[in-house]
Amino acid sequence: MKLAVIGSNGQLGTDLEEVLSAHNDVEGLTHADIEITDIDKVKTLLSALKPQMVFNTAAYNLVAEAEKNADEAFLINGIGTLNLAKVCQDLGIALVHYSTDYVFDGKKQKPYTEDDYPNPLNVYASTKLSGEYFARNYCERSFVIRVSGIYGKVASRGKGGNFITTMLKLAKEKKEVRVVDDEILTPTPTSHIARNTATLINTDQFDLYHMTCQGEVSWYEFAKVIWETLQLETPLYPASVKDFPLVVKRPFYSVLQNKNLDDLKLNQMPDWKNALIEFLREQYQK
Ligand SMILES: NC(=O)c1ccc[n+]([C@@H]2O[C@H](COP(=O)([O-])OP(=O)(O)OC[C@H]3O[C@@H](n4cnc5c(N)ncnc54)[C@H](OP(=O)(O)O)[C@@H]3O)[C@@H](O)[C@H]2O)c1
């Protein structure tokens, strides 16, 4: 298949391009190649490329900054996705779009399925939810995939890192590191999202999907595995969200259950801890 990956030099885009290239002709598109907020440019480029499927990893993903830059966040996460959905629909291209666990408010305190009602607490998550609706309702052949706590061999371009790179930096620079123990999520490597996406797109089950590793963990427990695996010596302590100034509201619990993948018997996502240890060993202990 001829495919196009938008954000191909980003954290998820890099792994998507690599994994999908094994069996497909993949055109990687960086921000220099495509501006998703400009529908005319999107139309011109995709008309010329003629891919059968487009993968959108482009996002405004600075959660705290989005509170002040709501216009820009909505332009990229909302309108940008709407542009892609409209152009894909017109050109008969299928769309794969990525979203976030933050669309939920966390009050359920049990894993969220695709049937649960979203209630985003902040600007970033609200704009991402709008993108979900645009992808699903303007492009009939679309997969919308929610992911959580992602990390990859290329750190997030938008964020300038990921949780692992942040922890390594803090461990190097600080006398001690405190990490919140009362926000629960499921850390997930982008390589596994790319692989499970590659399986899902072989079906015509266009729908909304949760695609995270199995299990749940606090940010502190996530950090603890990094400390143990890489034998970091800087003291690490649990903290509460209340110990830090509140910049933006976040869900205290955003664990996703991959129900729709399970129903199709296509859930290939591993346990979060095994996946994390494997990633750390590959990246940092070669
Ligand atoms: N990080 C997390 O833990 C997390 C959690 C849940 C969901 N997600 C979602 O996962 C997806 C992938 O995140 P990521 O960490 O891989 O992001 P990333 O590393 O920041 O990559 C985003 C890519 O999109 C490009 N881009 C940004 N704005 C664009 C625009 N207007 N037009 C075209 N390209 C544009 C960026 O290029 P430039 O850098 O050159 O602008 C970059 O190549 C996003 O949808 C994000 O919302 C992330």
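This write-up is about the structure you can find in this document. Numbering of residues begins from 1 in every chain and follows the order in which that chain's sequence is written. For a predicted model such as this one, the threshold for reporting local features is a pLDDT of at least 70, and the threshold for listing and counting side-chain atom pairs is 80 or more; totals across whole chains, interfaces and linings nevertheless cover every residue. Hydrogen atoms and water are omitted, and side-chain values are computed over all heavy atoms in the structure.

Okay, the site of the ligand next. Residue proximity to a molecule or strand is established when one non-hydrogen atom of the residue lies within 4 Å of it. Taken together, 26 residues lie near the ligand, and Asn9, His31, Lys128, Arg157 and Gly158 sit nearest. Nitrogen and oxygen atoms within 3.5 Å of one another constitute a polar contact, given that in protein one can donate a hydrogen and the other can accept it, and given that sequence-neighbouring residues count only through two side-chain atoms. A distance of 2.8 Å is found between an oxygen atom of the ligand and a backbone nitrogen or oxygen belonging to Leu12. Here the open area of atoms and residues is found with the Shrake-Rupley method and a 1.4 Å probe, where only the protein chains shown may cover a residue. A total of 930 Å² of accessible area belongs to the ligand in isolation, and the protein chains cover 90% of it. Breaking the shell around the ligand down by element, the ones donating at least two residues are α1 (11-21), β4 (94-100) and α4 (123-138). In terms of residues, the shell around the ligand owes the most to one element, β4, which gives three residues. Only Asp, Glu, Lys and Arg are considered charged, only Ala, Val, Leu, Ile, Met, Phe, Trp, Tyr, Cys and Pro nonpolar, and every remaining residue, Gly among them, polar. Tallied by class, the residues present in the shell around the ligand amount to nine nonpolar, twelve polar and five charged. Only DSSP runs of H or I covering at least 4 residues are called helices, and only runs of E covering at least 2 are called strands; the numbering of each starts at the N terminus.

When a residue's accessible area, from a 1.4 Å probe over protein chains only, is under 20% of the maximum for its type it is buried; when over 50% it is exposed; and in between it is partly exposed. The side-chain alternation of strand β3 (residues 53-56) yields two buried faces, one formed by Met53 and Phe55 and the other by Val54 and Asn56. For two strands to count as paired, DSSP must find a minimum of two bridges between them. Summarising the sheet, strand β1 (residues 2-6) and β3 pair through four bridges and their orientation is parallel. Among the inter-strand pairings, Val5 is bridged to a residue of β3, identified as Phe55. Direction of pairing for β3 relative to β4: parallel, over a ladder of four bridges. Residue pairing in the sheet places Met53 in a bridge with Ala94 of β4.

Our next topic: helix α5 (residues 163-173). Buried within α5 we find Phe163, Ile164, Met167 and Ala171. Down the axis of α5, the smallest arc covering the buried residues is 95 degrees, so these residues share one side. Exposed side of α5, more than 90 degrees from the buried face: Lys169, Lys172 and Glu173 are the residues found there. The criterion used for residue contact is that any of the two residues' heavy atoms lie within 4.5 Å. Here the buried face of α5 lies against β6 (150-151), β7 (177-180), α7 (219-230) and α9 (272-284). Read the arc as the range of directions from the helix axis to the C-beta atoms.

So, about the nonpolar core. Grouped together as the largest cluster of nonpolar side chains are 28 residues, with contacts concentrated most on Ile6, Leu46, Val54, Leu84, Cys88 and Leu95. Looking at this core, the elements that each hand over two or more residues are β1, α2 (39-49), α3 (70-91) and α4. If you tally residues by element for this core, the top one is α3, at six residues. Contacts of Leu84, omitting those with residues within four sequence positions, involve Ile6, Ile36, Val42, Leu46, Asn56 and Leu95. Residues belong to one nonpolar core when they are buried, are Ala, Val, Leu, Ile, Met, Phe, Trp, Tyr or Cys, and are joined through side-chain atoms within 4.5 Å. One finds Ala171, Trp272, Phe279 and Leu280 within the second-largest nonpolar core, a separate group that totals 27 residues.

Relative orientation of the contacting elements α1 and helix α6 (residues 190-200) amounts to 45 degrees, with a least axis distance of 8 Å. One way to sum up the angle between α1 and α6 is to call them oblique. The handedness of the crossing between α1 and α6 comes out as right-handed. On α6, the residues touching Gln11, Leu12, Asp15, Leu16, Val19 and Leu20 of α1 are Thr190, Ser191, Ile193, Ala194, Arg195, Thr197 and Ala198. Angles shown run from 0 to 180 degrees and are taken between the N-to-C directions of axes, each axis being a line fitted to C-alpha atoms and, for helices, limited to the stretch in contact. Any angle between 65 and 115 degrees counts as roughly perpendicular, while under 35 counts as roughly parallel, over 145 as roughly antiparallel, and the rest as oblique. Crossing handedness is defined as follows: a turn of the near helix away from the far one that is anticlockwise and smaller than a right angle gives a left-handed crossing, while the clockwise case is right-handed.

Turning our attention to the sheet that holds strand β10 (residues 208-210). With respect to topology, six strands assemble into an open sheet ordered β2-β1-β3-β4-β5-β10, the strand pairing being parallel. The sheet is open, and its two edges are formed by β2 (25-29) and β10, each paired on a single side. The sheet shows a mean angle of 20 degrees between the axes of neighbouring strands, taken without regard to direction. This element, α1, spans β1, β2, β3 and β4 of the sheet and lies at about 165 degrees to β1. Relative to the sheet, α3 contacts β1, β3 and β4, its axis offset from that of β4 by approximately 160 degrees.

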